[in-house]
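# Structural description and commentary
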2 protein chains.
Amino acid sequence: MPSEPKHRSSLKSNVARTTAADVARAAGVSISAVSRAFTANASIAKGTKTRVLKAADALGYQPNPLARGLITRRSGMIALLMTEVTNPFYPTVLETFARALSKRGKHVMLFTPAEDEPLEALLPRAFGYGVEGVVITSAKPTSEMMAACESAPVPVVLFNRTVESSAISAVCCDNEAGGRTIARFLAEGGRRRAAFVAGLAGASTSLYRERGFAAGLIEAGLSAPLRAEGHFTFDGGLKAAEHLLALEARPDAIFAANDIMALGVLDGLRRVGGLRVPEDIWVVGFDDIATAAWPSFGLTTFRQPINRMVAETLRILDLAETGAPGSPSTVLVPGRLIERGSTGALQPRS
Amino acid sequence: MPSEPKHRSSLKSNVARTTAADVARAAGVSISAVSRAFTANASIAKGTKTRVLKAADALGYQPNPLARGLITRRSGMIALLMTEVTNPFYPTVLETFARALSKRGKHVMLFTPAEDEPLEALLPRAFGYGVEGVVITSAKPTSEMMAACESAPVPVVLFNRTVESSAISAVCCDNEAGGRTIARFLAEGGRRRAAFVAGLAGASTSLYRERGFAAGLIEAGLSAPLRAEGHFTFDGGLKAAEHLLALEARPDAIFAANDIMALGVLDGLRRVGGLRVPEDIWVVGFDDIATAAWPSFGLTTFRQPINRMVAETLRILDLAETGAPGSPSTVLVPGRLIERGSTGALQPRS
């Protein structure tokens, strides 16, 4: 393959050489017209745009979004700061963002901290790249993080997190309503003694789900839930189940603050405790990750409407772009209960 | 919070105003010294670096990687083109890349096509951003894609994919050796009639795993494997199990080309077919995703060494950066068999 390296280097210099000015000259238009031809929704006559695109194609011109970003402050990049890429809820979130942004010609820059790196250390890096907005999905934003966000040069949205009395916008499933819905559902199903498996201490999602759940149980005339910690992990859920099984007065229903813990609870109850689900005990999760629907689990859960949550997040970022950022707001998107075998619903064959 | 918008706008103009030249003047050094102070591993005297960093801090200066990228052609960004973000193997890959790059002060730009968008359409966009390298994990790179890669202005590495007789570098687990190892293991375990569940038609990973598996069975004196298609999905695995159970001469072992299919096979055999695993039939997967180790599954699988695969990929991208790109190469990283309950190993309590 002797011609290959040559081809590569000649193309490299092409990319470096052809500029918007070359294209403008070839098409007989202004440089600004070239720029508008490559900007989605920019105002430009159809004939002019066609001429520019033809000339650009002939010359092998590629618009340089970096150079344009420096001038227009529109880099086309949105930063996603994520600490939990492997909890199966987040890959779906990431994919939904990436697809939605790709449609608008924009892209995700992913910031995931190295093991001992605080998340807030990544913010200045993201700003330095001229990202147009920042989305944060850290389980527990620190106060340093919040301070950095409040003085951010671009809009910042907390996704699936809220921070009370913060000036930062947030988009969340209505977690409290979700917890209350589950409590009511368990009470109506004749459950008398419910337990809650919490996520990471201090995570707003877990707190609000627990608050709604406890309130809902009491409203239904039941006592406040038993409690265990599961740290938002499968192993944490498994250990929480063992802990709850060892209690003198066992629960007859367990609500875990996310699906991955609920699956651990299920496995703990069945494989370790030898219980039957739903005959001996019910289990409910929160998220509706794909695994919840697998025949081995058939987990009843509260579905988070990821598509709508992502759409709301982009709406906030877009609004801010127009020059009218609006006041920071918290958007609560309603979710819904999905009944499956772990609470006695007939399990459909998939 | 009346002071908040004011704070935001004053910070915005600060970011825009302070330049490397300001910092150089304040620190009494050259602009190039400022640049070196902010570049990892650049040659600069310790005292000079300290002075620059102090001056930068006092002035609120943030180096602008975009501007630097335009000059040095080092944007600090690596493009990851991924089509399957939600197959649980890939989030781990993504996280491993993001963490490793973050340590080097570099970041992942994620390119995931919208539903009807061909992956190769994203390549020019990535090049336009001045990314330093491209990593592709598409299941089936098209020939258009390969042509675009061969004339790429920056190094491109196929991750977990190979394309025969291509000039593009690739990093893969040794899939053929993996398939052969599994065949040998099944034969030594007394299995007489094995089946293979293939992934997407044309995916190199599935092809090489099947090739090694078939060769290994024949070398062990068994016949070539029965076969079903599972499209690399859980539901595909479930349906493949139903298909294999309907055969007159059922298999006594099933190897699925990835874990997510193998888990579908397991659920199909047990929940739909009423078989016991491993008593009636063995199941083996490939990847070692976290779910494989859950008590409900205890899936024997062939572990892909993601850390080493990512390290090899970065090595290729780094090498190319030094100006000595080297010839395109395919790096095969050895994996290893992890025995669990689905082939009769004692299942440890987690």
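In case you missed it, the structure is sitting above this.
Let me begin by describing the structure that accompanies this report. Since we're looking at a predicted model, the values are computed, not measured.

### Notes on the packing of helix 2 (residues 20–27) of chain A against helix 4 (residues 46–59) of chain A
All names here are of chain A.
- One way to put it is that helix 2 packs onto helix 4 with a least axis distance of 9 Å and a crossing angle of 120°. The orientation of helix 2 with respect to helix 4, classified from their angle, is oblique. By crossing handedness, the relation of helix 2 to helix 4 is classed as right-handed. Residues Asp-22, Val-23, Ala-26 and Ala-27 of helix 2 form the contact with helix 4, whose participating residues are Arg-51, Val-52, Ala-55, Ala-56 and Leu-59.
- A per-class count over the contact of helix 2 with helix 4 returns 7 nonpolar, no polar and 2 charged.

### Here's the deal with the nonpolar core
- In this structure, A:Leu80, A:Val197, A:Val265, B:Leu80, B:Val197 and B:Val265 are the most contacted members of the largest nonpolar core, which totals 178 residues.
- Dropping the residues within four chain positions of it, B:Val265 is found in contact with B:Val197, B:Gly237, B:Ala240, B:Ala241, B:Ile254, B:Ala256 and B:Val283.

### Focus: the pairing of strand 1 (residues 77–81) of chain B
Residue and element names in this part refer to chain B.
- Counted residue by residue, strand 1 has 5 buried out of 5 residues, so it is predominantly covered.
- Here strand 1 shows no split at all, with Met-77, Ala-79 and Leu-81 on one side and Ile-78 and Leu-80 on the other all buried.
- Of the pairings in the sheet, the one linking strand 1 to strand 2 (residues 107–111) comprises 5 bridges and is parallel in character. Its bridge partner being in strand 2, Leu-81 is matched across the sheet by Phe-111.
- When strand 1 meets strand 3 (residues 133–136), the two strands line up parallel, connected through 4 bridges. By the bridge assignment, Leu-80 is partnered in strand 3 with Val-135.

### Let's talk about the environment of A:Arg303
Residues and elements named next belong to chain A.
- With respect to the helices and strands, the residue Arg-303 is situated in strand 10 (residues 300–303).
- Among the residues examined, Arg-303 registers 17 C-beta atoms within 10 Å and is labelled partly exposed.
- Distance from Arg-303 to Ala-33, taken between C-alpha atoms, is 47 Å for residues 270 residues apart in sequence.
- Beyond its immediate chain neighbours, meaning those up to four positions away, Arg-303 contacts Asp-288, Gly-335, Arg-336 and Ile-338.

### Considerations on helix 9 (residues 175–188) of chain A
Residues and elements named next belong to chain A.
- The terminal C-alpha atoms of helix 9 lie 20 Å apart, and with 14 residues this matches the ideal 20 Å at 1.5 Å per residue to within 8%.
- Among all positions of helix 9, only Asn-175, Gly-178, Gly-179, Arg-180, Thr-181, Ile-182, Ala-183, Phe-185 and Leu-186 are buried.
- Immediately downstream of helix 9, the backbone of Gly-190 shows phi near 85°, a positive value.

### Considerations on the sheet that holds strand 10 of chain A
All names here are of chain A.
- Taken in spatial order, the 6 strands line up as 7-6-8-9-10-12 in an open sheet, and their pairing is mixed. At either end of the open sheet lies a strand with only one pairing partner, and these are strand 7 (226–229) and strand 12 (336–338). Direction aside, neighbouring strands of the sheet carry axes that sit 20° apart on average.
- Direction of pairing for strand 9 (residues 282–287) relative to strand 10: parallel, over a ladder of 4 bridges. When the bridges of strand 10 are listed, Phe-286 appears paired with Phe-302.
- Relative to strand 6 (residues 194–198), helix 10 (residues 204–219) is tilted by about 170°, and along the sheet it contacts strand 6, strand 8 (253–256) and strand 9.

### A closer look at the sheet that holds strand 5 (residues 169–173) of chain A
- On the basis of which strands lie adjacent, the open sheet formed by 12 strands has the order 11(A)-5(A)-4(A)-3(A)-1(A)-2(A)-2(B)-1(B)-3(B)-4(B)-5(B)-11(B) and mixed pairing. Of all the strands in the sheet, just strand 11 (330–333) of chain A together with strand 11 (330–333) of chain B have a single pairing partner and so form its edges. Averaged over neighbouring strand pairs, the angle between their axes works out to 20° when direction is ignored.
- As judged from the 3 bridges shared by strand 3 of chain B and strand 4 (residues 156–159) of chain B, these two strands associate in the parallel manner. Bridging across to strand 4 of chain B, B:Val135 finds its partner in B:Val157.

Conventions adopted
Residues numbered from 1 in each chain as written. Chains lettered and ligands numbered in written order. Predicted model: local features only at pLDDT ≥ 70, side-chain atom pairs only at ≥ 80, totals over all residues. Axes fitted to C-alpha atoms, helices over the stretch in contact; angles between N-to-C directions. Helix = DSSP H or I, 4+ residues; strand = E, 2+ residues; numbered from the N terminus. Parallel < 35°, antiparallel > 145°, perpendicular 65-115°, else oblique. Left-handed = near helix turned anticlockwise from the far one by under 90°. Contact = placed C-beta atoms within 7 Å. Nonpolar A, V, L, I, M, F, W, Y, C, P; charged D, E, K, R; others polar. Core = buried A, V, L, I, M, F, W, Y, C linked by C-beta atoms within 7 Å. Buried ≥ 20, exposed ≤ 12 C-beta atoms within 10 Å, placed from the backbone. Pairing = 2+ DSSP bridges. Expected span 1.5 Å × (residues − 1).

Nothing here speaks to function; it is geometry throughout.
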